[in-house]
Amino acid sequence: QVQLVESGGGLVQPGGSLRLSCVTTGLINGFYDMAWYRQAPGRERALVARAARDHTTSYADSVKGRFTISRDDSKNSVYLQMNNLKPEDTAVYYCNANRPAPYDYWGQGTQVTVSS
């Protein structure tokens, strides 16, 4: 059974940092594109960052220069380092593992709240 388990969310002040982690079981990360999405209240889930199987990375414009995605396939893990956090980064953050259909898996999400 495939599971993705996120951790590292919490409450942080504006300008602060958090590091999210996602550990997968039941799949081999190296075969998947790994990504982080987020969903704020009343808004659709949106892509934040992606680390492809070839380890190339891409980011939403809103987080470029502040967030860094990385993956360690030997640990079946993917990370999201978030710096200079802003209130608008407040959302539930989800880990995603994806390869051509029908392989698309999601974690349960971790809450990130940026507030003073």
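Summary of the structure given here. (Residues numbered from 1 in each chain as written. Predicted model: local features only at pLDDT ≥ 70, side-chain atom pairs only at ≥ 80, totals over all residues. Heavy atoms only, no water.)

**Re the state of the cysteines**
If you walk through the whole model with that rule in mind, you get 1 disulfide. Between the sulfur of C22 and that of C95 lies a disulfide, 2.1 Å long from S to S. Between C22 and C95 the disulfide shows an S-S torsion of about -85 degrees. By sign, it is left-handed. Of this pair, C22 sits in strand β3 (residues 18–25) while C95 sits in strand β9 (residues 91–98), and the two are 73 residues apart along the sequence. In this structure, C22 and C95 share a single accessibility class: buried. (Disulfide = S-S within 2.5 Å. Helix = DSSP H or I, 4+ residues; strand = E, 2+ residues; numbered from the N terminus. Buried < 20%, exposed > 50% of the residue type's maximum accessible area, 1.4 Å probe, protein only.)

**Quick look at the nonpolar core**
Within soluble globular proteins, side chains that are nonpolar tend to cluster in buried spots. Counting residues in each nonpolar core, the largest one holds 26 residues, and the members touching the most others are W36, V48, F67, L80, M82 and Y93. At the level of elements, β3, β4 (33–39), β5 (46–51), β7 (67–72), β8 (77–82), β9 and β11 (110–114) are the ones that each hand at least two residues to this core. If you tally residues by element for this core, the top one is β9, at 4 residues. Contact partners of L80, with chain neighbours within four places excluded, come to L18, R19, L20, W36, V48, A49, F67, T68, I69 and Y93. (Core = buried A, V, L, I, M, F, W, Y, C linked by side-chain atoms within 4.5 Å. Contact = heavy atoms within 4.5 Å.)

**Comments concerning the pattern of salt bridges**
Any two side chains of opposite charge can pair, on the condition that their charged atoms come close. This structure, assessed with the given rule, holds 5 salt bridges. The partner of R38 in a salt bridge is D89, and the shortest N-O contact between them spans 2.9 Å. Of the two residues, R38 is situated in strand β4 and D89 in the loop between β8 and β9; the sequence distance between them amounts to 51 residues. Exposure remark for D89: the relative accessible area of 1% places this residue in the buried category. (Salt bridge = Lys/Arg side-chain N within 4 Å of Asp/Glu carboxyl O.)

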